[in-house]
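So the chains spell out like this:
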Amino acid sequence: MQLPPLKSLMYFKYAAELGSFKEAAERLYVTQAAISQQIRSLETHLACQLFERQTRKVTLTHKGKMLYPHILQAFEHLNTGLKAIEEDPSPTILNISVLPSFATCWLLPRVSSFQQQHPEIKIRIDPSDSLVDFDSGDADLGIRFGKGHYPDLHSEQLACDDMLLAYKPGLINIDQPLKAQLKRHNLIMDICPDAERAWQILFREIELEQDFDSHFLEIDNAALVMQSTLAGQGVGMLRRQLIQQQLALGQLEVLPSFKVSCEYQYYLAGPAGHFNWHKVKVFQQWLRDQFTDL
């Protein structure tokens, strides 16, 4: 026999439990007519009557009583399977996929404080900018710098950022015209839309020619841009969040009068169910606290 629609079986279950089509409708937030229609459809499919209809209640027929315990068992099995999917298979290990630049410049210098606060949770970091297969179990969460649109995933914004013109102390004299100084140094370009836009804005402000490409050292990694800037190889356009430590230690300086808000932002992304896991909740709160403290 072909199985009847799951909806009709669910409506049968509630009507049998409550002994009323009206109460079943209220519990399921549907109309009483919808309950009646589904029950009639089920009875037609099974070619038997399942309920005795009375004025204010319904009672199960002999066939209905035979069916009821099997329906209960079937829904219990379904609930068990759904809970197994929703539950965290490894509550003491948090696997994080994170951009290499963010891992190097921001996360790794701070993650020990999370381990101190939550020694029961072990952090595993996968520095990668490739797509993550969450179904494989290799990652529980991803930290990304983007616009928050990740197909089939839930995302929550963590923080914003700004692009700053950064350089090794002494490389730029802020009391002298910037245009002439930039012509003497390499300009270190992080190949990303926010950095490219920030350079264009700076060029317009100081009236520097747009075809100044020969002075650019292009690097497709923000961490390497920072390292090159720290080494004094030129002037870099860097995100504030990634150079907080170097600024605090006096290893880098930034042009005081220049700042461009990033269009991209930091997001925590992953399957929606993962955000209900305890380890994810505490890590998310720790991230928010870290960004707030900056």
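Presented here is a report on the structure given in the accompanying data block. (Residues numbered from 1 in each chain as written. Predicted model: local features only at pLDDT ≥ 70, side-chain atom pairs only at ≥ 80, totals over all residues. Heavy atoms only, no water.)

### As for the side chain of aspartate 140
Looking at where aspartate 140 falls in the secondary structure, it is placed in the loop between strand S4 (122-127) and strand S5 (141-146). Polar side-chain contacts of aspartate 140 include one of 3.2 Å to the side chain of lysine 279. Dropping the residues within four chain positions of it, aspartate 140 is found in contact with Ile93, Leu94, Asn95, Phe134, Pro271, His274, Trp277 and Lys279. (Helix = DSSP H or I, 4+ residues; strand = E, 2+ residues; numbered from the N terminus. Polar contact = N/O pair within 3.5 Å; in protein donor to acceptor, adjacent residues only side chain to side chain. Contact = heavy atoms within 4.5 Å.)

### Concerning the environment of alanine 24
With respect to the helices, strands and loops of the structure, alanine 24 is situated in helix H2 (residues 21-28). Sequence spacing of alanine 24 and tyrosine 11 is 13 residues, and the spatial spacing of their C-alpha atoms is 7.3 Å. Ignoring any residue separated from it by four or fewer positions in sequence, one finds alanine 24 in contact with Tyr14, Ala15, Leu18 and Ile35.

### Thoughts on the packing of helix H1 (residues 6-18) against helix H3 (residues 32-46)
At a minimum axis distance of 9 Å, the contact between H1 and H3 shows a crossing angle of 110 degrees. Accordingly, the angle class assigned to the pair H1 and H3 is roughly perpendicular. Considering how the two elements wind past one another, H1 and H3 form a crossing that is left-handed. When H1 is examined against H3, the residues Lys7, Ser8, Leu9, Tyr11 and Phe12 are found in contact with a partner set consisting of Ala34, Ile35, Gln38, Ile39 and Leu42. Its residues placed into classes, the contact of H1 with H3 shows seven nonpolar, two polar and one charged. (Axes fitted to C-alpha atoms, helices over the stretch in contact; angles between N-to-C directions. Parallel < 35°, antiparallel > 145°, perpendicular 65-115°, else oblique. Left-handed = near helix turned anticlockwise from the far one by under 90°. Nonpolar A, V, L, I, M, F, W, Y, C, P; charged D, E, K, R; others polar.)

### Focus on the layout of surface pockets
The computed volume of the largest pocket comes to approximately 420 Å³. The wall of the largest pocket is formed by 16 residues, among which Leu99, Ser101, Asp129, Cys192 and Asp220 lie closest to the centre. Contributing elements (two or more residues each) for the lining of the largest pocket: helix H5 (100-107), S5 and helix H8 (193-206). Residues belonging to the lining of the largest pocket are distributed by class as follows: eight nonpolar, two polar and six charged. (1 Å grid on protein atoms, 1.4 Å probe; cavity = no way out; pocket = protein on both sides within 12 Å on 5 of 7 lines; lining within 4 Å. Points joined across faces, edges and corners; volume = space filled by probe spheres on them.)

### Digging into the packing of aromatic side chains
For the structure shown, the criterion picks out 18 aromatic pairs. The interplanar angle of 40 degrees and the centroid separation of 6.1 Å between the aromatic rings of phenylalanine 203 and phenylalanine 216 together place this pair among those described as tilted. With phenylalanine 203 in helix H8 and phenylalanine 216 in strand S9 (residues 216-219), the pair connects residues that are 13 residues apart, well separated along the chain. Taken together, the ring pairs connect Phe102, Trp106, Phe114, Phe145, Tyr264, Tyr266, Phe283, Trp286 and Phe291 into an aromatic cluster. (Phe/Tyr/Trp six-rings, centres within 6.5 Å; stacked < 30°, edge-to-face > 60°.)

### Describing H5
Burial runs high along H5: six of the eight residues are buried. Within the span of H5, buried status applies to Ser101, Phe102, Ala103, Cys105, Trp106 and Leu107. (Buried < 20%, exposed > 50% of the residue type's maximum accessible area, 1.4 Å probe, protein only.)

### Considering the nonpolar core
Phe102, Ile143, Leu165, Trp199, Leu202 and Phe283 are the most contacted members of the largest nonpolar core, which has 65 residues in total. With seven residues, the single largest contributor to this core is H8. Once you skip the residues sitting within four places of it in the chain, tryptophan 199 turns out to touch Leu165, Leu187, Ile188, Met189, Phe216, Val235, Gly236 and Met237. Within the second largest apolar cluster, 20 residues are counted, among which are Leu28, Ile35, Leu50 and Leu60. (Core = buried A, V, L, I, M, F, W, Y, C linked by side-chain atoms within 4.5 Å.)

### Comments concerning the sheet that holds S4
With respect to topology, five strands assemble into an open sheet ordered S4-S3-S5-S13-S6, the strand pairing being mixed. The sheet terminates laterally at S4 and strand S6 (154-159), the two strands that pair on one side only. When the angles between neighbouring strand axes are averaged without regard to direction, this sheet yields 25 degrees. In this structure, strand S3 (residues 93-98) lies alongside S5, joined through three bridges in parallel fashion. Each bridged residue has a counterpart across the sheet, and for serine 97 the counterpart in S5 is glycine 142. (Pairing = 2+ DSSP bridges.)

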